[in-house]
Amino acid sequence: MKTENDLISIIAPVFNEETVLEAFYQQLSSTLAGINARFEIIFIDDSSNDNSLKLLYEFQQSDPRVAVIELSRNFGKEIALTAGLDHSHGDAVIIIDTDLQDPPELIPDFIREWKNGYDVVYAQRTSRRGDSWFKKVTAHQFYRLIKRVSNTDIPEDTGDFRLLSRRAVDAISQLRERHRFMKGMFAWIGYPQKAIPYQRQPRHAGQTKWNYWKLWNFALEGITSFSTAPLRLATYFGLLVAFGAFVYGGYIIYDTLVWGNPVPGYPSLMVVILFLGGIQLIGIGIIGEYLGRLFYESKQRPLYLIKSYQPSADSAARAEATRSITGVHSPGSD
Ligand code: UDP
Ligand code: MG
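Residues numbered from 1 in each chain as written. Chains lettered and ligands numbered in written order. Predicted model: local features only at pLDDT ≥ 70, side-chain atom pairs only at ≥ 80, totals over all residues. Heavy atoms only, no water.

Bringing the overall build of the protein chain into the picture now. Helix and strand counts for the protein chain come out as eleven helices and eight strands. Relative to its length of 334 residues, the protein chain is extended, with a C-alpha radius of gyration of 26 Å against a globular reference of 20 Å. C-alpha extents for the protein chain along the principal axes are approximately 95 × 45 × 40 Å. Scored against the burial criterion, the 334 residues of the protein chain give a buried share of 42%. Look at the contacts in the protein chain between residues 6 or more apart in sequence, and 83% of them connect residues 24 or more apart. (Helix = DSSP H or I, 4+ residues; strand = E, 2+ residues; numbered from the N terminus. Rg over C-alpha atoms; globule rule 2.2 N^0.38 Å. Buried < 20%, exposed > 50% of the residue type's maximum accessible area, 1.4 Å probe, protein only. Contact = heavy atoms within 4.5 Å.)

Written as structure tokens, this is what we have:
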């Protein structure tokens, strides 16, 4: 592999990972040592309230490749990743979790496929060890659903662990939406993409930040960000109910005129009113989901705020070198 002139950025979001961070850094470093390329390792601290940040600065002390971005508060993984992508300089960028669920050993495979011309190389789980059967089933159904309702083909059983070429990163950087469903965005940009199968391990240590309520919201996010099918569904359902009401109305008129039956009683009326009321509320709820998202987009707030940014010693040196050659401040050397 002839990559010695390439710079590759590793982007690692950190939120309260003090128990695994050391092991992660060791494992990553030993993997990178076997690869003939230059690296920068960008840690994004998503406002951890344990010792994680201190550890990150310790890594930075002894490793000129390490950069540390501190966000002003906890913004969530997707935004943390975005901050990392925005600050990356690499010809390729690799996104990896810091809990060792994404094995760094795959990185050489990523780079090989990138050299083969792929813009997005993603890891695809062949098993979900450590996940409950409930999570497995719901996850599988979610991917099937989103494939059907959106026009974007989001590959199943993939996380964010992947390599992106520079042009893929630039494409993602143009998508400044506030509601960031990254898996969908990675698929949306297109370009040649390649899957690499792997076995996902259970968390090395520490706690997952996910619970079922968060996963449910994540699923909603995915569907509403990538599809307007629920809105259309509400329309068709409304049409169906209206048609039913029309037929039933015809039947009542017929019944009254031909057989002279008195108006049937209270129960049927009650059922119809409650049913329609319920349907209308669901419809309004669906519209509300979209309207709420529109509301947040329309504010045009920045995606994140940075408390402190310590570039890697390497990138500072590179910036200095460019400045002395060109005599100007280069835009990528922040
Ligand atoms: N993470 C983050 N901000 C958050 C939650 C998580 O940066 O608000 C990071 C976390 O440190 C880890 C990655 O995102 O590196 C994945 O988190 P987690 O392991 O909790 O998710 P799971 O693997 O269970 O999907
Ligand atoms: Mg994890």
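Let us now look at a nonpolar patch on the surface. A cluster of nonpolar side chains, contributed by Tyr 248, Tyr 251, Ile 253, Tyr 254, Leu 257, Val 258 and Trp 259, occupies part of the molecular surface with about 840 Å² of accessible area. Counting through the fold element by element, Val 258 comes out in helix α9 (residues 229–259). (Patch = residues over 30% accessible without salt bridge, like charges linked within 9 Å, V, L, I, M, F, W, Y side chains within 5 Å. Areas by Shrake-Rupley, 256 points an atom, 1.4 Å probe, with all protein chains shown as cover. Salt bridge = Lys/Arg side-chain N within 4 Å of Asp/Glu carboxyl O.)

Its identity is not glycine, yet Ser 47 carries a phi of approximately 60°, on the positive side. Along the chain, the position of Ser 47 falls in the loop between β2 (38–45) and α2 (52–62). Residue Gln 300 is not a glycine yet carries a positive backbone phi of 55°. Structurally, the position occupied by Gln 300 is in the loop between α10 (266–299) and β8 (306–310).

All right, on to the side chain of Ser 52 then. With respect to the helices and strands, Ser 52 occurs in helix α2. There is a polar contact of 2.9 Å between the side chain of Ser 52 and the backbone nitrogen of Glu 17. Looking at Ser 52, its side chain comes within polar contact range of the side chain of Asp 50, at 2.6 Å. Not counting the four nearest positions on each side in its chain, Ser 52 is found in contact with Val 14, Asn 16, Glu 17, Glu 18 and Leu 21. (Polar contact = N/O pair within 3.5 Å; in protein donor to acceptor, adjacent residues only side chain to side chain.)

Bringing the pattern of salt bridges into the picture now. One pass over the structure, following the stated rule, counts 15 salt bridges. Linking Glu 58 and Lys 54 is a salt bridge whose minimum nitrogen-to-oxygen distance equals 3.7 Å. Taken together, the residues span about one helical turn, with Glu 58 and Lys 54 both in helix α2 at a distance of four residues. In this structure, the salt-bridge partner of Arg 112 is Glu 113, at a minimum N-O distance of 3.3 Å. Residue classification places Arg 112 among the partly exposed residues on the basis of a relative accessible area of 38%. Glu 113 gets classed as buried once you look at its relative accessible area, which sits at 9%. In this structure, a network of salt bridges that share partners links the residues Lys 77, Asp 97 and Asp 160.

This part takes up the coordination of the magnesium ion (ligand 2). Within the protein, the atoms that donate to the magnesium ion (ligand 2) are Asp 99 (OD) and Gln 101 (OE1), at distances of 1.9 to 2.0 Å. Judged by its relative accessible area of 4%, Asp 99 is buried. You can call Gln 101 buried: its relative accessible area is 15%. (Donors = N, O, S within 2.8 Å, 3.2 Å for Na, K, Ca; no water.)

One can find Leu 28 in helix α1 (residues 21–33). Of the residues examined, Leu 28 reaches a relative accessible area of 0% and is grouped as buried. Through-space distance from the C-alpha of Leu 28 to that of Ala 229 is 42 Å; in sequence the pair is 201 residues apart. Not counting residues within four places of it along the chain, the set of residues in contact with Leu 28 comprises Ile 10, Ile 41, Pro 104 and Ile 107.

Take the nonpolar core next. Judged by nonpolar contacts, the single largest core of 38 residues is most densely connected at Ile 44, Leu 71, Leu 85, Leu 164, Phe 181, Ile 189 and Tyr 304. Looking at which element gives the most residues to this core, the answer is helix α3 (residues 77–86), with five residues. Other than its neighbours up to four places away in sequence, Leu 71 contacts Ile 44, Asp 45, Asp 46, Ser 47, Ala 80, Ala 83, Tyr 304, Leu 305, Ile 306 and Lys 307. Judged by nonpolar contacts, the second largest core, of 35 residues, contains Val 14, Leu 100, Ile 107 and Leu 163. (Core = buried A, V, L, I, M, F, W, Y, C linked by side-chain atoms within 4.5 Å.)

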